[in-house]
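Per-entry structural report
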Amino acid sequence: MTDPLSRQRGSKDLWLDAAYEVLVSDGIGAVKVMALAKKLNLSRTGFYWFFADLKELHIAMIERWETKNSGNLVERCNRSAANICEGLFNLMDCWLDPSLFDAPLDLAIRNWARIDSDLHRRVTEADSLRIGAIADLFQRHGFSSDQAHVRSLTVVYTQIGYISMEVEEARHDRLARVQHYVEIFSGTVPSRRDVEGFLARHV
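The text that follows walks through the structure, step by step, so that each part is easy to find. (Residues numbered from 1 in each chain as written. Predicted model: local features only at pLDDT ≥ 70, side-chain atom pairs only at ≥ 80, totals over all residues. Heavy atoms only, no water.)

**What about the packing of aromatic side chains?**
In total, this model carries 8 aromatic pairs according to the counting rule given. Plain terms: the ring middles of Phe47 and Tyr48 are 5.0 Å apart, the flat faces sit at 85° to each other, and that makes the pair edge-to-face. Phe47 gets classed as buried once you look at its relative accessible area, which sits at 0%. Look at Tyr48 and you get partly exposed, because its relative accessible area is 41%. Pairing Phe138 with Phe143 gives two aromatic rings, centres 5.2 Å apart and planes at 85°, and the pair type is edge-to-face. Of the two residues, Phe138 and Phe143, both sit in the buried class. (Phe/Tyr/Trp six-rings, centres within 6.5 Å; stacked < 30°, edge-to-face > 60°. Buried < 20%, exposed > 50% of the residue type's maximum accessible area, 1.4 Å probe, protein only.)

The structure is reproduced here in structure tokens:
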């Protein structure tokens with residue numbers, strides 16, 4: 001049974017989730033202790049059970065973003081794949097599954113980084129990590145270092161463009177286009193087996 005005091009102060013994840021929602025909808029300037037307390041209908045003193053101050057909350061938010069978006073992207077790139085198309089389909093799962101990659105959060109973090117030099121550095125490092133993981137995927141499937149690097153840049157910059165432009169398209173249309181993106185990125189027509197395996201994960 002939850003004690004009344006715990007209910008009054010909430011939980012670390014509860015405060016963190018609320019901070020993410022505000023960051024995505026209104027930007028980092030709106031992430032304030034009092035605003036979060038009001039959103040959660042909790043006392044602001046509850047916040048300080050879990051975070052020393054707003055800066056500590058910011059650090060936790062950034063670490064969660066790094067773990068989810070960059071961490072999952074690297075993991076998908078490192079998955080076993082019989083060919084480059086299957087490997088790219090594994091990566092493309094990130095763009096279709098919000099539990100793997102949170103696109104609105106990625107945009108919110110990038111906007112925040114425009115006014116925070118430390119975060120800008122971490123975003124640059126995250127992009128380098130992502131580009132490196134995708135380049136490694138290409139190299140494992142026989143592409144030269146230069147080819148792998150340029151193709152990885154193409155993949156990452158295409159997705160950043162999607163995120164920054166806040167492209168809205170029917171899920172069914174985006175799913176249908178993925179195989180063509182894979183062909184363009186890899187220079188190889190994906191097999192029916194690889195296409196159907198990808199689609200089966202998202203239908």
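Next comes the rest of the write-up.
**Remarks on helix H5 (residues 84–96)**
End to end, H5 covers 19 Å across 13 residues, agreeing with the expected 18 Å (1.5 Å per residue, within 8%). Buried residues dominate H5, accounting for 12 of its 13 residues. The complete set of buried residues in H5 reads Ile84, Cys85, Gly87, Leu88, Phe89, Asn90, Leu91, Met92, Asp93, Cys94, Trp95 and Leu96. (Helix = DSSP H or I, 4+ residues; strand = E, 2+ residues; numbered from the N terminus. Expected span 1.5 Å × (residues − 1).)

**What to know about the nonpolar core**
One finds Leu88, Leu91, Trp95, Ile134 and Phe138 to be the most contacted residues of the largest nonpolar core, which totals 34 residues. Of all elements in the fold, only helix H4 (54–77), H5, helix H7 (117–140), helix H8 (145–164), helix H9 (171–186) and helix H10 (192–202) reach the threshold of two or more residues within this core. Element by element, the count of residues in this core is highest for H5, at 9 residues. (Core = buried A, V, L, I, M, F, W, Y, C linked by side-chain atoms within 4.5 Å.)

**Re the packing of H5 against H10**
Pairs of packed helices are described in terms of their axes, by the angle between the two and the distance that separates them. The contact between H5 and H10 brings their axes to 10 Å, and the two run at 20°. By the angle between their axes, H5 is roughly parallel relative to H10. Seen along the crossing, H5 lies across H10 with a hand that is right-handed. On H10, the residues touching Cys85, Glu86, Phe89, Asn90, Met92, Asp93 and Leu96 of H5 are Arg193, Asp194, Val195, Phe198, Arg201 and His202. (Axes fitted to C-alpha atoms, helices over the stretch in contact; angles between N-to-C directions. Parallel < 35°, antiparallel > 145°, perpendicular 65-115°, else oblique. Left-handed = near helix turned anticlockwise from the far one by under 90°. Contact = heavy atoms within 4.5 Å.)

**Quick word on the packing of helix H6 (residues 103–113) against H8**
Where H6 meets H8, the closest approach of the two axes is 9 Å, and the angle between their N-to-C directions is 90°. When the axis of H6 is compared with that of H8, the two are roughly perpendicular. Only Ile160, Ile163 and Ser164 of H8 make contact with H6, whose side of the interface consists of Ala103, Asp106, Leu107 and Arg110. Here the contact of H6 with H8 is composed, by residue class, of 4 nonpolar, 1 polar and 2 charged. (Nonpolar A, V, L, I, M, F, W, Y, C, P; charged D, E, K, R; others polar.)

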